[in-house]
Amino acid sequence: MSRLRDPQDPLFQALNSSIRFDYRLAPYDLEQSLAHARMLARSAIISDDDLAQIERGLTAVREEIDQDHFVVAEGDEDIHMAIERRLTELAGPVGGKLHTARSRNDQVATDIAMLVRAHALDAQSLLRELMGTLVALAERHLDWPLPGYTHMQRAQPVYLSHHLLAYFWKFRRDLQRFRFCLTATDDLPLGAGALAGVNFDTSRMFVARELGFGGIAENSLDAVSNRDFVLDYMSSAATCAGHLSQLGGEIVLWSTAEFGFCRVSDSFASGSSLMPQKKNPDAAELLRAKAPRLVGRLAGVHGVLHGLPLTYNKDLQEDKEPLFDAIDTVELCLRVARGMLAEIEFNRERMADAASDELIAATDVADLLVREGVPFREAHGIVGGVVRATVERGKLLSELTDEELAELAPQLRPADFRALLEQTSWLESKVSEGGTSLARVREQLGRARHVLVEAPA
Ligand code: ARG
């Protein structure tokens, strides 16, 4: 019953109804309603007998939902109305008391905060599993050299362990971002009512404790209009998906015949419908492609919130589909990335071959000169000249004669120069903190393992 006289136009209902997607809020809505009902009884707003009947009714509704027997009725605009309607059918008029001192506005904000919190925790455990897989891979490929790239050109060699751990730290930051979502969802909106508070002396802290919130939102207007935690989660998810996309993109590249650095397992690849010889790294490609979708979803919610006057506006219903899609996408991608990495195979020779390109020792040669007292800028120019002349003469650096060296770079001692061209020294020379030398990678691995045993948030 409401002040409206005429029935809703079906077109309006199609636009307005959210039950087909907010149905997934049901578990949170039920939990919230139970806590709210208990609070109403404790505050003597409803009787203990009312509470018992409401609890029984909500438990029955939960069973119907859990067992997929719940039937959505024609007029159920959203999950909140559907649950209350069913409760009243099962428990009788007492069901109507549940909504005392509550509005769908604070109710929906609370459900969403609970959902975001649950999925921020899920994302953290999925990230930890992926990070554990990266650590295991790094341990298995500790001293496998490959070229590191800048501008997609061979730059300086690194160990595969170091390269893999680079992703570990990216995901570590994602973990921290998702952890912040727990702070962002820590203030209970419920109790704000429609916008101004409610006409009963409720105990919001009681509900907060029941539902695992650390405190209560201080301002009722803010409580019903706040969706910052949706933005925080989606922004964490978008950044995380960006990292997964970089990882996927690199695996696509590395698994080409041209690179031949790795092979994804058949279980994460597909064949071609036309070309029998093909094995396509579709999983890695889709990891690469999903990131912009999450950025788009995030931008969509920013758009909904932009310029929205306080407090609740129906616009806020548009937070859900983008959020749910972000959750489903990032969680699936995290699982796939882990599965794919658990089975990936790297090709030691192909990587070592590429890393033994002598030209990528050029920086080290320049540093040899620096140790002889030549300023770095000048050394850079000298070695640039050596490389140019070597390439023009169709030679390798290691094929330069003593005479040629004396002509091109008199400051360079041929013995030191030749010793340096022994491949491993280019890697082992990177002794600075956070560098690729084995000793530093071992330190890094130790820190990475420590992150994984830290107590989760
Ligand atoms: N389905 C609505 C939403 O998701 C619930 C809140 C409705 N509140 C209202 N005043 N119409 O935002």
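Use the structure listed above.
What counts, and at which threshold
- Residues numbered from 1 in each chain as written.
- Predicted model: local features only at pLDDT ≥ 70, side-chain atom pairs only at ≥ 80, totals over all residues.
- Heavy atoms only, no water.
- 1 Å grid on protein atoms, 1.4 Å probe; cavity = no way out; pocket = protein on both sides within 12 Å on 5 of 7 lines; lining within 4 Å.
- Points joined across faces, edges and corners; volume = space filled by probe spheres on them.
- Helix = DSSP H or I, 4+ residues; strand = E, 2+ residues; numbered from the N terminus.
- Nonpolar A, V, L, I, M, F, W, Y, C, P; charged D, E, K, R; others polar.
- Buried < 20%, exposed > 50% of the residue type's maximum accessible area, 1.4 Å probe, protein only.
- Contact = heavy atoms within 4.5 Å.
- Near = heavy atom within 4 Å.
- Polar contact = N/O pair within 3.5 Å; in protein donor to acceptor, adjacent residues only side chain to side chain.
- Areas by Shrake-Rupley, 256 points an atom, 1.4 Å probe, with all protein chains shown as cover.
- Pairing = 2+ DSSP bridges.
- Patch = residues over 30% accessible without salt bridge, like charges linked within 9 Å, V, L, I, M, F, W, Y side chains within 5 Å.
- Salt bridge = Lys/Arg side-chain N within 4 Å of Asp/Glu carboxyl O.
- Lys, Arg positive; Asp, Glu negative; His and termini not counted.
- Charge placed at Lys NZ, Arg CZ, Asp CG, Glu CD.
- Phe/Tyr/Trp six-rings, centres within 6.5 Å; stacked < 30°, edge-to-face > 60°.
- Lys NZ or Arg CZ within 6 Å of the ring centre and 35° of its normal.
- Core = buried A, V, L, I, M, F, W, Y, C linked by side-chain atoms within 4.5 Å.
- Axes fitted to C-alpha atoms, helices over the stretch in contact; angles between N-to-C directions.
- Parallel < 35°, antiparallel > 145°, perpendicular 65-115°, else oblique.
- Left-handed = near helix turned anticlockwise from the far one by under 90°.

Undergrad: Break down empty space enclosed by the protein for me, with residues and values.
TA: Using the criterion set out here, one finds three cavities of 30 Å³ or more in the structure. There is about 70 Å³ of room inside the largest cavity. Elements with a minimum of two residues in the lining of the largest cavity: α7 (160–184) and α10 (228–254). Counting residues per element, the lining of the largest cavity draws most heavily on α10, at four residues. Grouping the constituent residues of the lining of the largest cavity by class yields eight nonpolar, one polar and one charged.

Undergrad: An account of the environment of A109 is needed here, citing residue identities and associated values.
TA: Structurally, A109 can be placed in helix α6 (residues 104–140). Since its relative accessible area comes to 0%, A109 is described here as buried. When the C-alpha atoms of A109 and L316 are compared, they prove to be 9.4 Å apart, with 207 residues separating the residues in sequence. Excluding anything up to four places from it in sequence, A109 contacts P189, A223, R227 and F229.

Undergrad: Go over the site of the ligand with me, naming the residues and quoting the values.
TA: Inspection of the region around the ligand gives S18, D22, D78, H80, R104, N105, V108, Y312, Q317 and K320 as its neighbouring residues. A distance of 3.3 Å separates a nitrogen atom of the ligand from a polar atom in the side chain of S18. Bound to the protein, the ligand loses 86% of the 340 Å² it would expose on its own. Looking at which element gives the most residues to the shell around the ligand, the answer is α6, with three residues.

Undergrad: Talk me through the pairing of strand β1 (residues 145–150); I want residue IDs and the actual numbers.
TA: Inspection of the sheet shows β1 paired to strand β2 (residues 153–159) by six bridges, in the antiparallel sense. Its bridge partner lying in β2, P147 is registered against P157. What sits between β1 and β2 in their antiparallel hairpin is a turn of two residues, with H151 showing a positive phi close to 55°.

Undergrad: Run through a negative patch on the surface, naming residues and quoting values.
TA: Residues D187, E218, D222 and D228 make up a contiguous surface patch of negative charge. With respect to the helices and strands, the residue D222 is situated in helix α9 (residues 220–225).

Undergrad: Please provide a residue-by-residue account of the packing of aromatic side chains, values included.
TA: Working definition: an aromatic ring pair is given by the centre-to-centre distance plus the angle between the planes. For the structure on display, the rule yields seven aromatic pairs. When the centroid spacing of 5.8 Å and the interplanar angle of 55° are considered together, the rings of Y149 and F259 count as tilted. Of this pair, Y149 sits in strand β1 while F259 is found in the loop between α10 and β5 (262–263), placing the two residues 110 residues apart along the sequence. Since its relative accessible area comes to 26%, Y149 is described here as partly exposed. Classification of F259 by relative accessible area gives buried; the value is 16%. Relative to W169, the ring of F168 lies with its centre 4.8 Å away and its plane at 75°, an arrangement referred to as edge-to-face. W169 gets classed as partly exposed once you look at its relative accessible area, which sits at 23%. Of the aromatic side chains, those joined through ring pairs into one cluster are Y149, W254, F259, F261 and F346. Lying across the ring of F324, R24 places its NZ or CZ 4.6 Å from the centre.

Undergrad: Would you mind going over the nonpolar core in detail, with residue names and values included?
TA: One finds F171, Y233, I251, W254, L323 and F346 to be the most contacted residues of the largest nonpolar core, which totals 109 residues. The biggest single contributor to this core is α6, with 16 residues. Not counting the four nearest positions on each side in its chain, W254 is found in contact with L146, L160, H163, F259, G260, F261, C262, F346 and M351. Judged by nonpolar contacts, the second largest core, of 22 residues, contains A366, L397, L400 and L421.

Undergrad: Got a sec to walk through the pattern of salt bridges? Specific residues and values, please.
TA: Pairs may arise between side chains of opposite charge once their charged atoms sit close together. In this structure the tally under the stated criterion is 32 salt bridges. As a salt-bridge pair, E404 and K395 come within 2.8 Å of each other at their nearest N and O atoms. Residue class for E404 comes out buried when judged on its relative accessible area of 12%. You can call K395 partly exposed: its relative accessible area is 28%.

Undergrad: Describe in detail the side chain of S265, supporting the description with residues and values.
TA: Inspection of the secondary structure assignment puts S265 in the loop between β5 and α11 (282–305). A polar contact is formed between the side chain of S265 and the side chain of S267, at a distance of 2.9 Å. Excluding its chain neighbours within four sequence positions, the residues that come into contact with S265 are K279 and E343.

Undergrad: Help me get a handle on the packing of helix α3 (residues 26–42) against helix α4 (residues 48–66), residues and values and all.
TA: At their nearest, the axes of α3 and α4 sit 9 Å apart, and the two run at 175° to each other. As far as their axial angle goes, α4 and α3 are roughly antiparallel. Along its contact with α3, which presents A26, L30, E31, S33, L34, A37, R38 and A41, the element α4 presents D48, L51, I54, E55, L58, V61, R62 and I65.

Undergrad: Explain the packing of α3 against helix α8 (residues 204–211) residue by residue, including any values.
TA: In the contact formed by α3 and α8, the axes pass within 9 Å of each other and the chain directions differ by 145°. At the point where α3 passes α8, the crossing takes the right-handed sense. Within the contact between the two elements, α3 uses E31, Q32, A35, R38, M39 and R42 and α8 uses F206, V207, E210 and L211. Each residue belonging to the contact of α3 with α8 can be placed in one class, and the counts come to five nonpolar, one polar and four charged.

Undergrad: Tell me about unusual backbone geometry, and name the residues and values.
TA: Along the chain, L310 connects to T311 via a cis peptide bond; the corresponding omega equals 5°. Position of T311 among the secondary structure elements: in the loop between α11 and α12 (320–343). Even without being glycine, A44 reaches a positive phi, approximately 60°. Structurally, A44 is set in the loop between α3 and α4. Of note, the phi angle at M152 is positive, near 60°, even though the residue is not glycine.

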